[in-house]
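Chains, contacts and geometry: an overview
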Amino acid sequence: MRHLLSTQDLSRAQATAILDEAERFEQALTGREVKKLPTLRGRTVMTVFYENSTRTRVSFEVAGKWMSADVINVSASSSSAGKGESLRDTVKTLHAAGADALIVRHPASGAARQIAEWTTAADGTGPSIINAGDGMHEHPTQALLDALTLRQRLGTLDGKRIAIVGDVLHSRVARSNAFLLSTLGAEVVLIAPPTLLPTGVEQWPVTVSTDIDAELAAVDAVMMLRVQAERMNGGFFPSSREYSVRFGLNERRLALMADDAVVLHPGPMLRGMEIGYSVADSPRATVLDQVRNGVHVRMAVLFGLLVGTDPETTTGENQ
C-alpha cells in the first residue's frame, strides 16, 4: 500500500493490521517519559491543509514527531497558493523539495487521488499521499480511529450495530465510516432527515432511517455528526431547535440505548444542538478516546506507508 486515499481501498486484513499496529504503538509509548521512537528517523512528512483543522492536523504532527520524522506544516494561506499557485504546482514543488509523505486536506472531493496521480512517476516512485479529508468525499484516518475506539469499547466490530446520525450528506466522516465499519463486520444504519441523505446512498453497505427514537434501543454505538452549516446553501431543515428536537442526542435518547452502548463524535461538537452538554461529557462518550487513538492510528498509517509492511502478504488474503 503506497497511499491512503479511501477506506474503500482497504481490505479487512489491511484495516485490521493498521488497528493492530496502532495498539502496538500505544503499548510501546506507555510509561515512556520521553515519547520518542526512531521509527521514521530521516523521513520528511509534510501536512498540506487547504481547510482549517485542529484534531487531524495536530495528531498527524504529533504522530510524525513521536516517530522522529521531520514534520513540516504547509498552510495554504501562507504558501504560494495564496498568490494563485495551482494545487498541482504546489504538491509537485513539495515533492521536489523532498517530501516522503504528503498529508493533504482539500475542499474538493477527489483532490487526494488526483495529487497521487500528479506526484507518481512513471516508474511508480513518489511520495505517499494520505487523504486527511477531501471535500464531502472521504476521511479515512478518522474512520480508522473511530473503528479502533469502537473495538476497544465493544471488544469486536463483528455483528455490532452502529448508528451514524445527522448531516450525512456533507460528511466525509460518514462515508468513510460506513464503508470501513461494514468491511470490519459491523452493521451500519444511517439516521438523518431526508434532505441530509446523499444521492446514491442506497448503493452504500448500510440501512437508512429517518427516525432516531426507533433505532437507538438496538444499537451498540451511535456516532453523532457535526451539522456542516458552512457547506449548506439553502434550508436543509427548519431551524437549529427543530433539528435538535428531532435528531439531537439528549439525556432522554441516551436512556433509550443499552447500558453498555457508547457515543462517538468526530468533533468539533455543536453542544446543545446535535449532542446534549451532559451527553458529551458522559462516561459513555468516547470523544477524548478518539483523539488519543487518532495519534496512534496515524502513527500506524505513516509506518505502514513509509516503512512498508503489507498485511496482504502475511495473511494471504486478497483485496
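In what follows, the structure referred to is the one given above.
Below or above, wherever it landed, is the structure these notes cover.

How each quantity is defined
Residues numbered from 1 in each chain as written. Predicted model: local features only at pLDDT ≥ 70, side-chain atom pairs only at ≥ 80, totals over all residues. Heavy atoms only, no water. Salt bridge = Lys/Arg side-chain N within 4 Å of Asp/Glu carboxyl O. Helix = DSSP H or I, 4+ residues; strand = E, 2+ residues; numbered from the N terminus. Buried < 20%, exposed > 50% of the residue type's maximum accessible area, 1.4 Å probe, protein only. Phe/Tyr/Trp six-rings, centres within 6.5 Å; stacked < 30°, edge-to-face > 60°. Lys NZ or Arg CZ within 6 Å of the ring centre and 35° of its normal. Arc of directions from axis to C-beta. Contact = heavy atoms within 4.5 Å. Core = buried A, V, L, I, M, F, W, Y, C linked by side-chain atoms within 4.5 Å.

A look at the pattern of salt bridges
- Considering all chains together, one arrives at 14 salt bridges under this definition.
- Residue Glu 21 is joined to Arg 24 by a salt bridge in which the shortest nitrogen-to-oxygen separation is 3.2 Å. A residue pair is termed a helical-turn pair when its members lie 3 or 4 positions apart in one helix, as Glu 21 and Arg 24 do in helix α1 (residues 12–29) at three residues.
- Given the relative accessible area of 15%, Glu 21 is considered buried.

Description of the packing of aromatic side chains
- Summed over the entire model, instances satisfying the criterion amount to two aromatic pairs.
- Aromatic side chains Phe 25 and Phe 303 sit 5.7 Å apart centroid to centroid with 80 degrees between the ring planes, which places their arrangement in the edge-to-face category. With Phe 25 in helix α1 and Phe 303 in helix α11 (residues 287–308), the pair connects residues that are 278 residues apart, well separated along the chain. Here Phe 25 and Phe 303 have matching classes, each one buried.
- An angle of 50 degrees between the planes, with centres 5.9 Å apart, marks the rings of Phe 179 and Trp 204 as tilted. Here the residue Phe 179 occupies a position in helix α6 (residues 172–183), and Trp 204 occupies one in the loop between β6 (187–191) and β7 (207–209), the gap between them amounting to 25 residues. In this pair, the class of Phe 179 matches that of Trp 204, namely buried.
- Taking NZ or CZ as reference, Arg 298 lies 5.0 Å from the ring centre of Phe 60, over its face.

Comments concerning helix α4 (residues 111–119)
- Within the sequence span of α4, burial applies to Ala 111, Ala 112, Ile 115, Ala 116 and Thr 119. For α4, the buried positions fall inside an angular range of 140 degrees around the axis, keeping them on one side.
- If you follow the buried residues of α4, they end up packed against α3 (87–96), β3 (101–106) and β4 (128–134).

Details of unusual backbone geometry
- The phi dihedral of Ser 68 is positive, around 70 degrees, even though this residue is not glycine.
- Relative to the elements of secondary structure, Ser 68 occurs in the loop between α2 (55–66) and β2 (70–75).

Brief notes about the nonpolar core
- Within the largest apolar cluster, 83 residues are counted, with the highest numbers of intra-cluster contacts made by Leu 144, Leu 150, Val 222, Met 257 and Leu 302.
- Here this core takes nine residues from α11, the largest share from any one element.
- The residues contacting Leu 150, other than those within four sequence positions of it, are Gly 155, Leu 157, Ile 162, Leu 181, Ala 221, Val 262 and Leu 264.
- Counting 15 residues, the second largest nonpolar core, distinct from the first, contains Val 91, Ala 99, Val 104 and Ala 116.

Any link to function would need more than the numbers given here.
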